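A look at the structure
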Amino acid sequence: MRALDVAIIGLFLVGMPLLGVWIGGRQRSATDYFVSERRISWWVVCVSVVSAETSTLTVLSVPTIAYGGTMTFLSLAIGYLIGRIVVSFVLLPKYIAGELVTAYGFLGKRFGGGLQSTASVTFLVTRLLADGLRLFATAIPVKVVLAAYGVNASYWLIVVVLGLAMVVYSFLGGVRAVVWVDAIQMLWYVLGAVVVIVVLSGKLPDGWFSSAADAGKFQIFDFAASPFTSPYAILTAFVGGAVLSMASHGADQLIVQRLMATKDVRAAQKALIASGVVVFIQFALFLFIGVMLWAFYRGANPVKDLKLNNNDELFANFIVRDMPSGVSGFVIAGILAAALSSSLGALASSTVTDVYQRVVRRPMSEAEVFRQGRIWTVVWAGLLVVCAGLFATLTRRGNPIVEQGLSIAGFTYGALLGAFLLGLLFRKARQTDAIVAFVVTVAVMAFVILGVKFVGPEAALTIDFSAATANSKVLAYPWYTPMGVLVTLTVGGLLSLRHKGYTPPDVQDVVSAKAA
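Just so it is clear, the structure is predicted and the values come from calculations on it, not from any experiment. (Residues numbered from 1 in each chain as written. Predicted model: local features only at pLDDT ≥ 70, side-chain atom pairs only at ≥ 80, totals over all residues. Heavy atoms only, no water.)

**With respect to the overall build of the protein chain**
The line we're drawing: Strands here are runs of E lasting at least two residues and helices are runs of H or I lasting at least four, both read from the DSSP assignment and numbered beginning at the N terminus. Residue exposure (1.4 Å probe, protein chains only): buried if accessible area is under 20% of the type maximum, exposed if over 50%, otherwise partly exposed. For this analysis, residues touch if any pair of their heavy atoms sits within 4.5 Å. Residue burial considers only the protein chains on display, and all accessible areas are found by Shrake-Rupley using a 1.4 Å probe.
When helices and strands are counted, the protein chain shows 22 helices and three strands. Looking at the 516 residues of the protein chain, the share that counts as buried comes to 56%. The long-range fraction of contacts in the protein chain, counting pairs at least 24 apart against all pairs at least 6 apart in sequence, stands at 82%. Carbon and sulfur atoms make up 67% of the accessible area of the protein chain, which amounts to about 20800 Å² in all.

So, in structure tokens, the structure goes:
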């Protein structure tokens, strides 16, 4: 790592927050702060959505998938696209037509404030854990760069600095700054990936492409793998991936907030569907890099042969050791960009709109909502830093909680999406039915994720709460969300049968009440 690379990384960390403040301008109201008065172009929101769902772990790990296997990860991206199309025509019109500030506002209007708060708190906890891990992962390459210059900075110090970079433009610029900075950062890391491909192409031996093809590295569809244990089996990828995407893009405020910043339903639909296409291309790009790295290192084992700590260090190792000076810094800055997409605005808007207003039990002026939004932006920034620092501490102790954090959404996404579908499909369902179904689903999914194992070559179903091994595999994670949705609809639907004389408001009336 050379001085020029460090200078580029430093310029990025300082320049991006300042750029966000400049783009965000002066915030005039809570609506401007949370949804930018619904006037951001659909293509900007599209790119921002892609940036928001992409983390450092994604950029570093996706090439490793192709390096050690094939490009079957792309079949999951096809499922993601299918799920976005469903959300675009089923859920987005409900949010936009009702002029809601958060996705959970629909649940509040359909069922009541109790479920709205329950769903919002679930989102807040899940997002805190997921983004705490994301922030910690971002600190890893920064620590490596500093160590190359003899600077032994702690993870706590690094995550504090990164947290400050995020909070500056989120606090001052609102969602407009977040969306635009997300878009710029996404273009940065994709351009970095293109640069890596150009550099790698000059280092590979003749005939590498045909050798990779003969080895099956470009396989996209897997018809042979078990749909229960392989996330890339064709059925798992298409069905599980689609429902998972419906939850992540239709019931997660991190994404929904960005879509609500567009001017109308059609613009939001274009942004969401186009983001699925962009994600497919993005994954293809990083998987192709993984195949190129396989040819460059001649299929060497990253841990045994290359002496790396784990497989995910492979891409970063190439960037630091084999990329030219200046280019290396540019690409690492792109990796940081993939992780600095801020969720603080989504956390603050959900806290104020879904929880705080219910706690104070009085009408709040526009100015007070605006002020509380900024206060909670800072509060959540502090909590994210603490969470990321704890992940760092636990990692040094070898605690496996970090690995569990990677699939934390599986515990709650099914319940969140199931609650929305329960309100749409079961007209007699009341708030109590939905809350009971929600809680039962989270408990059932915890049992499934932690206890259900498939043992041996015949994948015999067993209950075992010990860690998975080579002979004992867990259920493929794309199935977590569909199973959770099924449990929510089953429990909530059965409970709704009690209300024989109950005539609920029409769903369209529910979402139109606010607009009226």
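Having seen the structure, we can now continue with the description.
**Quick look at the environment of T351**
We count it as follows: In protein, a polar contact requires one atom able to donate a hydrogen and another able to accept it; more generally it is a pair of N or O atoms within 3.5 Å, and residues adjacent in sequence count only if both atoms are side-chain atoms.
Counting through the fold element by element, T351 comes out in helix α16 (residues 344–360). If we skip the residues at most four places from it in the chain, T351 touches L124, Y356, W376 and W380. Only 2.8 Å separates the side chain of T351 from the side chain of W380, close enough to count as a polar contact.

**Notes on the pairing of strand β2 (residues 460–463)**
Here is the rule: Strands pair, by our definition, only if DSSP identifies at least two bridges between them.
As judged from the four bridges shared by strand β1 (residues 452–455) and β2, these two strands associate in the antiparallel manner. Each residue of the ladder has a partner; that of K453, found in β2, is T462. Connecting β1 to the next strand, β2, in antiparallel fashion are four residues, including G456 with a positive phi near 75°.

**With respect to the sheet that holds β2**
This is how the line gets drawn: Axis lines are fitted through C-alpha atoms, for helices just across the contact stretch, and the angle between N-to-C directions can take any value from 0 to 180 degrees.
Spatially, three strands are ordered β2-β1-β3 in an open sheet, and the strand pairing comes out antiparallel. At either margin of the open sheet sits one strand with a lone partner, and together these are β2 and β3 (472–474). Each strand axis lies, on average, 40° off the axis of its neighbour in the sheet, ignoring direction. Relative to β3, β1 is paired through three bridges, and the arrangement is antiparallel. From the neighbouring strand, K453 faces β3, where its bridge partner is V474. In the packing of helix α20 (residues 431–451) onto the sheet, contacts are made with β1, β2 and β3, and the angle to β1 comes to roughly 30°.

**Concerning the environment of I82**
Of note, I82 is situated in helix α5 (residues 73–90). Judged by relative accessible area, I82 falls into the partly exposed class, the value being 38%. Residues I82 and F238 lie 156 residues apart in sequence; the distance between their C-alpha atoms is 7.9 Å.

**Thoughts on the pattern of salt bridges**
When charged atoms on two side chains of opposite charge get close, those side chains can pair. Spelled out, the test is: A carboxyl oxygen of Asp or Glu within 4 Å of a side-chain nitrogen of Lys or Arg is what we treat as a salt bridge.
Inspection of every chain in the model, using the stated rule, returns four salt bridges. One salt-bridge network, held together by shared partners, links R127, D131 and D252.

**Describing the nonpolar core**
The criterion, for reference: Here, nonpolar core means buried Ala, Val, Leu, Ile, Met, Phe, Trp, Tyr and Cys residues that are tied together by side-chain atoms lying within 4.5 Å of each other.
Counting 131 residues, the largest nonpolar core has Y95, L107, I289, L293, F315 and F420 as the members making the most contacts within it. The leading source of residues in this core is helix α9 (residues 155–201), at 17 residues. In this structure, I408, F411, I449 and W479 belong to the second largest nonpolar core, which totals eleven residues.

**Let's talk about the packing of helix α11 (residues 234–250) against helix α19 (residues 413–425)**
Where we set the bar: Here is the rule for angles: anything less than 35 degrees is roughly parallel, anything more than 145 is roughly antiparallel, 65 through 115 is roughly perpendicular, and the remaining ranges are oblique.
In the contact formed by α11 and α19, the axes pass within 9 Å of each other and the chain directions differ by 75°. With respect to α19, the element α11 is oriented roughly perpendicular. Here V243, L244, M246, A247, S248 and G250 of α11 lie close against α19, whose contacting residues are Y413, L417 and F420.

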